[in-house]
Amino acid sequence: MDIKITKAATLKEKPDDSVLGFGKYFTDHMFLMDYTPDKGWHDARIIPFGPISLHPACTALHYGSEIFEGLKAYRRPDGGIQLFRPLENARRMNNSADRLCLPRFPEEMFMEALRTLITLEKDWVPHSPNTSLYIRPFCFGNDENLGVHSVQHATYAIILSPVGNYYKEGLNPVKIMIEDQDVRAVRGGTGEAKCGGNYAASNRAGQRAEEKGYSQVLWLDGVELKYIEEVGSMNVLFLIDGVVVTPALRGSILPGITRKSIIELLKSEGIPVEERKISVDELAEALEAGKLQEAFGSGTAAVVSPIGTLLYKDKEYVLNDGKIGKLTQHLYDTLTGIQWGKAEDKFGWTVRIC
Ligand SMILES: *Cc1c(COP(=O)(O)O)cnc(C)c1O
């Protein structure tokens, strides 16, 4: 792939690591590439970061043809930079593309675009503990007409954002509301694709939870509102009576890379883990019986997010005295150790950039 690089005339001043937050600052450059059926993927370019101009009839704006990925570049103790399982993101993005009829983006190109852009922006990978450079690849339908049909012209892009320590105040468990009205996804829909539309559909329940003082919702399945699916925009895992259980991937759940890594890690440590259906009644019974020991969300942004309180049908349950559980803490320490290059990566999950 021939990537044409146009450098920014002036570079931005980098914010202090302490003010980064999530997705507020962007680096000096971005990657763009276009697709048309006759030319395939073409015109790979890195240009100064800034607004992109779109035709007012652009497909993504009207019919929601948009998919994305999220991963991070981590600063190692030796000053180098590494990624965590980036090929998993490349593959998942192609599965999302298949579902939304967007063109696939070859894995080698995914990796080369990442390497080139991150190497150019390497000074933007922050150094403070638990900070990183968030990478957002995305692809959208960019046809310039209102016809409803599968996308002809697509645009692929990567933007980079330095992000702060997710747990500035420590790993504090969050309050979660079990959502029994809206659903996030149904089998046969787009739940297992990482697409913007799923997020748009989730906003209302998220907003209602926030109004009630809860930080996220726990989603139930879209058919019977009976089985647990995900928590907010994270996968969810429970420690029930010494066994880690997580909803099986059956078409409506996003196959998280953090989820997959946690399952592999638990198996390697001989901790029992089950991927299966979990009904909200089973969860309520485990809660009543004191058998629900720990619960946590998993995702790239937070790694793990302990659940301290669960609201179900106006009844509030407190888990593990509202404190982070031992296993949750262990998983957080192990994964972050590998991601930031502080612990041995015996799984071969990390990829050095420089
Ligand atoms: C991205 C995402 C996740 C987490 O996936 P990771 O690969 O672990 O970051 C979980 N659920 C939803 C809905 C997501 O969009």
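Data block above holds the structure.
For the structure given in this document, a descriptive report is provided here. (Residues numbered from 1 in each chain as written. Predicted model: local features only at pLDDT ≥ 70, side-chain atom pairs only at ≥ 80, totals over all residues. Heavy atoms only, no water.)

1. Considerations on the site of the ligand
Consideration 1: In the region of the ligand, 14 residues are neighbours, and K194, Y199, E230, T258 and T300 sit closest.
Consideration 2: Separating an oxygen atom of the ligand from a side-chain N or O atom of K194 is a distance of 2.7 Å.
Consideration 3: Between the ligand and the protein, one listed contact pairs an oxygen atom with a side-chain N or O atom of T258 at 2.6 Å.
Consideration 4: Look at the ligand: alone it shows 390 Å² of surface, and the protein chains cover 96% of it.
Consideration 5: Of all the secondary-structure elements, those providing two or more residues to the shell around the ligand are β12 (234–240) and α5 (257–268).
Consideration 6: Split by residue class, the shell around the ligand holds four nonpolar, six polar and four charged. (Near = heavy atom within 4 Å. Polar contact = N/O pair within 3.5 Å; in protein donor to acceptor, adjacent residues only side chain to side chain. Areas by Shrake-Rupley, 256 points an atom, 1.4 Å probe, with all protein chains shown as cover. Helix = DSSP H or I, 4+ residues; strand = E, 2+ residues; numbered from the N terminus. Nonpolar A, V, L, I, M, F, W, Y, C, P; charged D, E, K, R; others polar.)

2. Remarks on the nonpolar core
Consideration 1: Counting residues in each nonpolar core, the largest one holds 46 residues, and the members touching the most others are L218, I228, F238, I262, L283, L292 and L310.
Consideration 2: Among the elements that line this core, the one with the most residues is β12, at six residues.
Consideration 3: Among the nonpolar cores identified, the runner-up in size contains 37 residues, and F31, L114, W124 and V125 belong to it. (Core = buried A, V, L, I, M, F, W, Y, C linked by side-chain atoms within 4.5 Å. Buried < 20%, exposed > 50% of the residue type's maximum accessible area, 1.4 Å probe, protein only.)

3. Remarks on α5
Consideration 1: Between its terminal C-alpha atoms α5 stretches 16 Å, which fits the 16 Å expected from 12 residues at 1.5 Å a residue.
Consideration 2: Taken together, the buried positions of α5 are occupied by I257, T258, R259, S261, I262, I263, L265 and L266.
Consideration 3: After α5 finishes, the residue G270 shows a positive phi value of roughly 75 degrees. (Expected span 1.5 Å × (residues − 1).)

4. Examining the side chain of E179
Consideration 1: Of note, E179 is situated in the loop between β9 (174–178) and α4 (196–211).
Consideration 2: On the basis of relative accessible area, E179 is assigned to the buried category, the value being 1%.

5. Regarding the state of the cysteines
Consideration 1: A complete count under the given rule lists zero disulfides for this structure.
Consideration 2: Unpaired in terms of disulfides, C58 finds its nearest cysteine sulfur in C139, a separation of 11 Å.
Consideration 3: Cysteine C195 is unpaired, with the sulfur of C139 as its nearest cysteine sulfur at 12 Å. (Disulfide = S-S within 2.5 Å.)

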